[in-house]
Structure formats: C-alpha cells, structure tokens
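Below are the chains, spelled out letter by letter.
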Amino acid sequence: STEVLVTSESAVIDTQKIEVSQTVDQALISNLPVNGRNWSDFVLLTPNVVQDGGTGLVSFRGISGLYNQNYVDGANNNQMLFSEARGRSSGAPYVYSLDSIKEFQTETSNYSVEFGEAVGGQVNAITRSGTNAIHGDAFYSLRYPTLNALDPLSKYQALHGGNPFLLTQPIHQQQQFGGSIGGPIIKDRLFYFFTYDGFRRVGRVLYNNTN
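Residues numbered from 1 in each chain as written. Predicted model: local features only at pLDDT ≥ 70, side-chain atom pairs only at ≥ 80, totals over all residues. Heavy atoms only, no water.

A.B. asks: Just checking my understanding: could you explain the overall build of the chain for this structure?
C.D. replies: Secondary structure summary: the chain contains two helices and ten strands in total. Ordered by position from N to C terminus, the α and β elements of the chain give β-α-β-β-β-β-β-β-β-α-β-β. In the chain, buried positions account for 27% of the 211 residues. Within the chain, contacts between residues at least 6 apart in sequence are counted, and of these 63% link residues at least 24 apart. (Helix = DSSP H or I, 4+ residues; strand = E, 2+ residues; numbered from the N terminus. Buried < 20%, exposed > 50% of the residue type's maximum accessible area, 1.4 Å probe, protein only. Contact = heavy atoms within 4.5 Å.)

Dropping the structure here:
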C-alpha cells in the first residue's frame with residue numbers, strides 16, 4: 001500500500017535532520033520573560049551555548065561569537081562588519097521585534113552543508129504572519145530607580161568607601177513600548193502583520209569639576 005500525505009504548510013525548519021539543534025517555538029517565546037525583549041537571548045537555552053564575555057554575542061562550543069551565522073526566513077541576517085547579527089551587541093541589539101518571531105532553531109554542530117558560512121553556530125528564525133482574524137497586542141515596560149533595589153555589595157562599598165556614585169542606579173530610566181497587529185487582506189490568501197518596538201534609556205553621566 002502507498003500513503004500520500006499532503007500538508008498546506010512547508011517545513012521551513014526541519015526537525016528531522018541529524019544536526020545537534022534545538023527549536024524554540026512560539027509558546028516559549030511568548031511566555032518566557034526576557035530582559036530587553038531580545039528574542040535571540042533564548043539561544044542560551046541550547047546546550048553548549050554561553051554568553052561571549054560582555055559583548056552581547058553568544059559562543060557555541062567555546063568559539064567566538066564573531067563566527068556565528070544568523071538567518072531570518074532563510075535570508076542572511078548578519079551585518080557586514082564583524083559578521084554580527086544586525087543590531088550589533090549594544091543598546092537594543094535586535095532588528096526584529098520579539099512579537100514578530102514565530103519560532104527559531106539553533107544548530108550547534110553537524111549542520112547541513114547549505115549552512116557553510118560559519119564555524120560556530122547557526123540561528124535560523126521564522127517570522128509570524130497574519131491570519132483570517134484580526135489580532136493585536138500592546139506592551140509597556142518601565143525600569144526606574146525607585147522600583148529597583150541597589151546591589152548589596154555596591155551599597156556597602158558606597159557607605160564605607162565614600163563613593164557616592166555607587167548609591168545610584170547605573171540606568172536611571174529605561175522604557176520599552178510597542179505592539180503588533182495582524183489580519184487578512186484577502187481571506188485565505190493574503191495577510192499583513194505589523195510590529196513596532198520603541199526603546200528609550202537614560203543613564204547617569206559622570207563629570208569632574210576643577211573650578
């Protein structure tokens with residue numbers, strides 16, 4: 001007997017390959033908390049993946065984060081300088097909003113020869129699309145000094161070492177806001193999905209006055 005299985009969706013991420021990989025689906029992306037709303041931080045859930053120092057990049061198997069490859073919908077998402085993911089590794093280090101990512105897969109080793117541009121790891125993300133139903137959401141996150149506690153060690157050093165700057169928060173105010181909306185243009189055929197992320201941060205400024 002012969003069985004023919006026809007599906008309406010193409011498998012952009014193939015979970016049947018032999019590479020060492022992990023897939024983070026939309027349920028995890030939508031429900032797990034993440035500081036800064038950078039979806040690529042979830043790459044750290046993959047075994048043998050750690051932060052690459054304080055650069056904001058990640059290291060696969062101890063290899064520098066400069067040797068990784070980043071794809072979104074199968075297209076190269078690396079910038080030309082240093083081969084980092086677009087958005088670089090400081091400030092708000094992402095281009096695609098957290099709400100726009102449907103799922104992504106991290107591959108640490110034994111990946112296919114089609115992914116031959118990196119020595120480290122591969123990150124392949126798939127973006128969301130609209131549906132026949134109109135759906136949207138909005139968010140607002142505030143980080144403010146009066147809402148945060150001081151680091152106990154910094155507070156002790158300030159009180160006993162005479163450094164008043166340690167009694168202030170390194171980030172005085174940080175705001176992140178935005179939302180997403182999606183729906184149909186032509187039912188069952190053409191859809192739209194729009195996201196917006198805003199980021200505002202105010203930090204302390206240190207200066208010396210010799211007058």
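A.B. asks: Which parts of the structure should I look at to understand unusual backbone geometry?
C.D. replies: Leaving glycine aside, a negative phi is the common case for residues, and trans is the common case for peptide bonds. Positive phi, normally seen in glycine, also occurs at asparagine 48, with a value near 65°. Mapping asparagine 48 onto the fold places it in the loop between helix 1 (26–31) and strand 2 (49–51). Even without being a glycine, aspartate 188 presents a positive backbone phi close to 70°. Note that aspartate 188 resides in the loop between strand 9 (171–186) and strand 10 (190–203). The exposure class of aspartate 188 is exposed, given its relative accessible area of 55%.

A.B. asks: For this particular structure, what's the right way to read the sheet that holds strand 5 (residues 75–76)?
C.D. replies: Strand pairing in a sheet relies on backbone hydrogen bonds. The paired strands run either parallel or antiparallel. Taken together, the five strands give an open sheet; going across it, the order is 1-6-7-4-5, and neighbouring strands pair in mixed fashion. A single partner strand is all that each edge strand has here, and the edge strands are strand 1 (20–24) and strand 5. Taken together, the four bridges between strand 4 (residues 69–72) and strand 7 (residues 122–127) define a ladder with parallel strand orientation. What sits directly across from glutamine 69, in strand 7, is glutamine 122. (Pairing = 2+ DSSP bridges.)

A.B. asks: Just to check I follow, could you spell out a nonpolar patch on the surface for this structure?
C.D. replies: A surface patch of nonpolar side chains, about 430 Å² in accessible area, is lined by Ile134, Ile181, Phe194 and Tyr196. Inspection of the secondary structure assignment puts tyrosine 196 in strand 10. (Patch = residues over 30% accessible without salt bridge, like charges linked within 9 Å, V, L, I, M, F, W, Y side chains within 5 Å. Areas by Shrake-Rupley, 256 points an atom, 1.4 Å probe, with all protein chains shown as cover. Salt bridge = Lys/Arg side-chain N within 4 Å of Asp/Glu carboxyl O.)

A.B. asks: Can you walk me through the pattern of salt bridges in this structure?
C.D. replies: When charged atoms on two side chains of opposite charge get close, those side chains can pair. The final tally for this structure, using the stated rule, is two salt bridges. Salt-bridge contacts for aspartate 197 lead to arginine 37; the nearest nitrogen and oxygen are separated by 3.4 Å. Placement of aspartate 197 in strand 10 and of arginine 37 in the loop between helix 1 and strand 2 is noted, with a sequence separation of 160 residues between them. On the accessibility criterion, arginine 37 (11% relative accessible area) is buried. Connected through shared salt-bridge partners, Arg37, Asp99 and Asp197 make up one network.

The quantities given are spatial measurements derived from coordinates; they are silent on function.
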